[in-house]
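Per-entry structural report
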Amino acid sequence: MITITMPALSPTMEEGKLAKWLVKEGDAVSAGDIIAEIETDKATMEYECIDDGVVGRLLVSEGQEAIKINAPIALLLEAGEDKAALASFIPAAAPAVVAARPVAAAAPAAVTPVAMQAAPQQTSAPGSKPGGRIIASPLARRLASQKGLDLARITGSGPHGRIIKRDLEGVQPMAAAAPVAAAAAKPAANELALFPEGSYEIVAHTAMRKTIARRLTESKSTIPHFYLSIDCDLEALMDMREKLNAQTPKGDGGYKLSVNDFIIRASALALRRVPEAHASWTDAGLLRHKHADVGVAVSIEGGLITPIIRHADSKGLAEISNTMRDLAERARVRKLKPNEYEGGTFSISNLGMFGIRDFSAVINPPHSMILAVGAGEQRPVVRNGALAIATLMSCTLSCDHRVVDGVLGAQFLNVFRGFIEKPLTMLL
Amino acid sequence: MAENTYDVVVIGSGPGGYVAAIRAAQLGLSVAIIERDQLGGVCLNWGCIPTKALLRSAEVFHLAQHLDAFGLAADNVRFDAAKIVKRSRDVAKRLNGGVAHLLKKNKVTVIEGVAALAGKGKITVTAKGKSQDVAAKNIILATGARARQMPGLETDGKLVWSYREAMIPEAIPPSLLVVGSGAIGIEFASFYRTMGSDVTVVEVLDRVLPVEDAEISALARKAFEKQGMKIHTGASVTGLERGADKVTAKIDLGGGKIEQLTVARVIMAVGIVGNVENLGLEGVGVKVEKTHVAVNEWCETGVPGIYAIGDLAGPPWLAHKASHEGVICAERIAGVKGLHPLAAGNVPGCTYCMPQVASVGLTEAAAKARGHEVRVGRFPFAGNGKAIALGDTDGMVKTVFDAKTGELLGAHMIGAEVTELIQGYCIAKTLETTESELMHTIFPHPTLSEMMHESVLDAYGKVIHF
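What chain A contains, in helices and strands, is nine helices and 19 strands. In chain A, which comprises 428 residues, the proportion classed as buried is 36%. Excluding contacts between residues fewer than 6 apart, the proportion of contacts in chain A whose partners are at least 24 apart in sequence is 66%.

In structure tokens:
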């Protein structure tokens, strides 16, 4: 009998939702068959069987959320086995034989080096070692699985940080681990008490919502943020953009540059120019990044996602523009692969198209800076002692003070503004 | 004065005290240990070790009487009580010297004399009429315990013995009454019965070895009675009439039945009391509860810098518990990180009677009383090849698991060599294994330890050889 387990579809994935079963009990499957769709915090992926057999039992139901990776999800009977073999399956023992693999993960270059470095930092929690193995006693493991406790969040007090039974005392199960129906039916009672019954409807959290909540709460509560704002004159840039767009070739190689494409390139070049600011804080040490992988927040239904333009500092405006368009379109239909949105070294959030003048953004770990870009608009300015009209864009940089000090952030912003206001220098 | 100042001063050099002293010294602290009698304390001079030497003689004697079963023959098998006792004393002496060597090797200063607390961080040591002051940043009290005396049943050293006289008999008494069936009482009962005494045991509780699992107690009683021991449970000795070379005991058998029993000697083994007297505890504010120093889980007395370990600090009265507390205490004083208090549920207990009894953790009844839904496994010695080859087919290994979590709650064994086997379950408990790891462990064949495996398998309906 083969146990099929929840796959780790990306380095940061901790749990997933079984979106859809494509097989039912009794179905014969062979290697390569798609047996299920798994929804992670960011994407839905097909799950491919790598063994031949007959589906003996589906251990989780369709729509079940918060299934921990490596948790058994189905049992596959091998040739010659009959249903009686299923009786020997002990849920808690969970022999993690992975009999299927995610289709997307089979794609080449699934994880970039940056994502690999970032992963331990994101998942690093008290009980886990840098290698990702959680040291816990067998009894602690079993109790945790029975009570729905996440060992990665528990500090071990045994030898070398081993998690033992007493460390689990008083630990509450994670809300996410509770069945959705129960969670929806019985949310935190004291908060609900503030609102009269019938005056609201409860919308269950999606996997994406929960990830946003967790990651940003972690960011805002663990990263010392500070903010720097600057105004950039867009006149030369608008002029250059108009000229370049007018010269786009028909068909292949065509482009339509947006202001945001310039901002991506200017950011990437500024990161290269001010390498001290281009870094990530980790317990192991400061990661100085060698390539500018710029993430751009894209609003999608139910949340947002930050696809990444890899090596944006060595890409031209047209390539940046076309790559960004492709990523944004696929993000909206949730077809991004994890390696297209995980990691990155810097991010941009642009709300200019909604008329926002300026705002500050929450840093997206493991980045140390995020640039919040407001609308380009005509504003009165004083030039040489006289009022004048200029097209200005306000940008606010959020910095992780552990990595970037005030002067360093200011240097970066000034270099950035230099590229924006003198766009020809972006050609250098 | 400065040369009489130490980081740690330990009072009492039994298995708690000398281990604490050595560990503290290993951690770089300056340590002195004060002993009023013999290094090693009761354990190795008058307890654990010399009794094991006596019981070894009894075991060999027993085998010699049953040579025919092994196809051997020897005529006129006899013993010499004086030689048996001398061997036992030589064993104790050798270990006593060993402790002195270990303390010296670890640069622990040994001070002979009687110690009393004389204020904050100050101890007065009196020896041969002279006294000196010793200053200590930390004091570990490890003065141990002594046999409990009962009014009217006091030991006299001649007819009514404590463990101490029982260990150095001039001759094996023809008849013996043992009052109390805990480990100490039962070990002496077993020794003297094997050596030919007519032994009667009186136990106030409803079974022998009352701290053990009820099933184990019952098997032990059956084995002892088969050997010819008389056992009265739920009974008490209400009076002793001491004659010239005999004692007549009045035994209340319960239900209004009184029996008169005349024996050559009586051994009193009705528990122990802590050596709390004349230590100056009251003066410094160390609290005594009943006959023991009150401590928290870290052996702290509540008075800063004063700790108590071992028998003095309460049950279980076991040398290995004292030693372990000594280590924890020394490490805590030295500021070692990541310590845990002693886990009472992981302290094993061993009784070296024939057959041996060993256990760790909760009995089946205690587990149920604590609300555990249990799974119980049993495996008899009669189903084990090695036991049959040894000719020791009486005994059982019993395991108690939490049915929900698979936690090993307790293990209870009776039979040959079980005192050497129990550590396997102790490791399992310390590592917090579940039934699964024990099932997947490969036990060597042919050994008695296979029964430990089978007992676990039995708890889950998978036993192979029975």
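Helices and strands together make up the secondary structure of chain B, namely 15 helices and 24 strands. Looking at the 466 residues of chain B, the share that counts as buried comes to 47%. For chain B, long-range pairs separated by at least 24 residues make up 64% of all intrachain contacts whose partners lie at least 6 apart in sequence.

Our focus in this paragraph is the pairing of strand β21 (residues 357-361) of chain B. Residue and element names in this part refer to chain B. Taken across its five residues, β21 has five buried, putting it largely inside the fold. Pairing of strand β20 (residues 349-351) with β21, which is carried by three bridges, proceeds in the antiparallel orientation. What sits directly across from C350, in β21, is A358. Taking the residues between adjacent antiparallel strands as the criterion, β20 and β21 are bridged by five residues. Two strands pair when backbone bridges link them, and β21 and strand β24 (residues 408-414) are joined in this way by five bridges, in the antiparallel orientation. Looking at β24, one finds that S359 is bridged to H412.

Let us look at the sheet that holds strand β16 (residues 308-309) of chain A. Residue and element names in this part refer to chain A. Overall, mixed pairing links the six strands, which are arranged β10-β19-β18-β17-β13-β16 in an open sheet. The open sheet is flanked by β10 (225-233) and β16, the only strands paired with a single partner. Where strand β18 (residues 369-383) meets strand β19 (residues 386-400), 13 bridges bridge the pair, whose relative direction is antiparallel. Within the sheet, the bridge partner assigned to R379 lies in β19 and is A390. Seen against the sheet, helix α7 (residues 259-273) touches β13 (294-296), β16, β17 (346-350) and β18 and runs at an angle of roughly 155 degrees to β17.

Taken together, the contact between chain B and chain A spans eleven residues of the former and eleven residues of the latter. A breakdown of the residues in the side of chain B that touches chain A according to their chemical character gives one nonpolar, seven polar and three charged.

For the rest of this paragraph, the subject is the environment of L269(A). Residue and element names in this part refer to chain A. When you line up the elements, L269 lands in helix α7. Along the primary structure L269 and F416 are separated by 147 residues, whereas in three dimensions their C-alpha atoms are 7.8 Å apart. For L269, the contacting residues outside a window of four places in its chain are D313, F419 and M426.

All names here are of chain B. Running from amino to carboxyl end, helix α1 (residues 17-26) crosses helix α4 (residues 81-105) at an angle of 25 degrees, the nearest separation of the two axes being 9 Å. Here α1 lies roughly parallel to α4, going by the angle between them. α1 and α4 meet at a crossing whose hand is left-handed. Contacts from Y18, A21 and I22 of α1 reach α4 at V99, L102 and L103. Grouping the constituent residues of the contact of α1 with α4 by class yields six nonpolar, no polar and no charged.

Of all hydrophobic cores here, the largest spans 139 residues; its most connected members are V9(B), A21(B), L141(B) and V266(B). Setting aside residues up to four positions removed in sequence, V9(B) forms contacts with A32(B), I34(B), I123(B), V134(B), A136(B) and I139(B). Membership of the second largest hydrophobic core comes to 73 residues, among which are I2(A), L77(A), L237(A) and M393(A).

Quick look at unusual backbone geometry now. A cis amide bond links P365(A) with the next residue in sequence, P366(A), at an omega value of 10 degrees. With respect to the helices and strands, the residue P366(A) is situated in the loop between β17 and β18. Cis rather than trans, the peptide bond between H445(B) and P446(B) has omega equal to -5 degrees. The residue P446(B) is located in the loop between α14 (435-440) and α15 (450-459) in this model. The phi torsion at N76(B) lies on the positive side, around 55 degrees, for a residue other than glycine. Inspection of the secondary structure assignment puts N76(B) in the loop between α3 (48-65) and α4.

The next subject is α7(A). Residues and elements named next belong to chain A. Compared with the 21 Å implied by 1.5 Å per residue over 15 residues, the 21 Å span of α7 between its first and last C-alpha is a close match. For α7, the buried fraction is high: eleven of the 15 residues fall into the buried class. Taken as a whole, α7 has its buried residues at D261, F262, I263, I264, R265, A266, S267, A268, L269, A270 and L271.

To continue, consider the sheet that holds strand β3 (residues 28-29) of chain A. Residue and element names in this part refer to chain A. Strands sit in the order β1-β8-β6-β3 across an open sheet of four strands; the sheet is antiparallel. Looking at strand neighbours, the two that pair on one side only are β1 (2-5) and β3, the edges of this open sheet. Pairing between strand β6 (residues 53-58) and strand β8 (residues 72-77): four bridges, direction antiparallel. Within β8, the residue paired with R57 across the bridge is L75.

All names here are of chain B. At a minimum axis distance of 9 Å, the contact between α3 and helix α6 (residues 183-194) shows a crossing angle of 35 degrees. As for the relative orientation of α3 and α6, their crossing is left-handed in sense. Two secondary-structure elements touch here, α3 through T51, L54, L55, A58, F61 and H62 and α6 through E187, F191 and T194. Classifying every residue of the contact of α3 with α6 gives five nonpolar, three polar and one charged.

Attention shifts here to the confidence of the model for chain A. Residue and element names in this part refer to chain A. Residues of chain A with pLDDT of at least 70 account for 86%, and the chain-wide mean is 82. Mean pLDDT across the elements of chain A ranges from a minimum in helix α1 (residues 113-123), with 33, to a maximum in helix α9 (residues 406-421), with 96. Note that residues 93-130 has pLDDT below 50 and, in this model, 94 contacts with residues that lie over four places away or in other chains. Confidence over residues 176-187 falls short of pLDDT 50; this stretch has 14 contacts with residues more than four positions distant or in other chains.

Turning our attention to the environment of I140(B). Residues and elements named next belong to chain B. Within the secondary structure, I140 is located in strand β6 (residues 130-141). Expressed as a C-alpha distance, the spacing of I140 and G17, which sit 123 residues apart in the sequence, is 7.6 Å. With sequence-adjacent residues up to four places away left out, I140 is seen in contact with V8, V10, G17, A20, Y307, I309 and C329.

Turning our attention to the environment of D458(B). Residues and elements named next belong to chain B. Within the secondary structure, D458 sits in helix α15. Looking at D458, the number of C-beta atoms within 10 Å reads 23, which means it is buried. Expressed as a C-alpha distance, the spacing of D458 and F379, which sit 79 residues apart in the sequence, is 7.3 Å. When sequence neighbours within four positions are dropped, the list of residues in contact with D458 reads G377, R378, F379 and V463.

Calculation criteria
- Residues numbered from 1 in each chain as written.
- Chains lettered and ligands numbered in written order.
- Predicted model: local features only at pLDDT ≥ 70, side-chain atom pairs only at ≥ 80, totals over all residues.
- Helix = DSSP H or I, 4+ residues; strand = E, 2+ residues; numbered from the N terminus.
- Buried ≥ 20, exposed ≤ 12 C-beta atoms within 10 Å, placed from the backbone.
- Contact = placed C-beta atoms within 7 Å.
- Pairing = 2+ DSSP bridges.
- Axes fitted to C-alpha atoms, helices over the stretch in contact; angles between N-to-C directions.
- Nonpolar A, V, L, I, M, F, W, Y, C, P; charged D, E, K, R; others polar.
- Parallel < 35°, antiparallel > 145°, perpendicular 65-115°, else oblique.
- Left-handed = near helix turned anticlockwise from the far one by under 90°.
- Core = buried A, V, L, I, M, F, W, Y, C linked by C-beta atoms within 7 Å.
- Expected span 1.5 Å × (residues − 1).
- pLDDT = per-residue confidence, 0-100.

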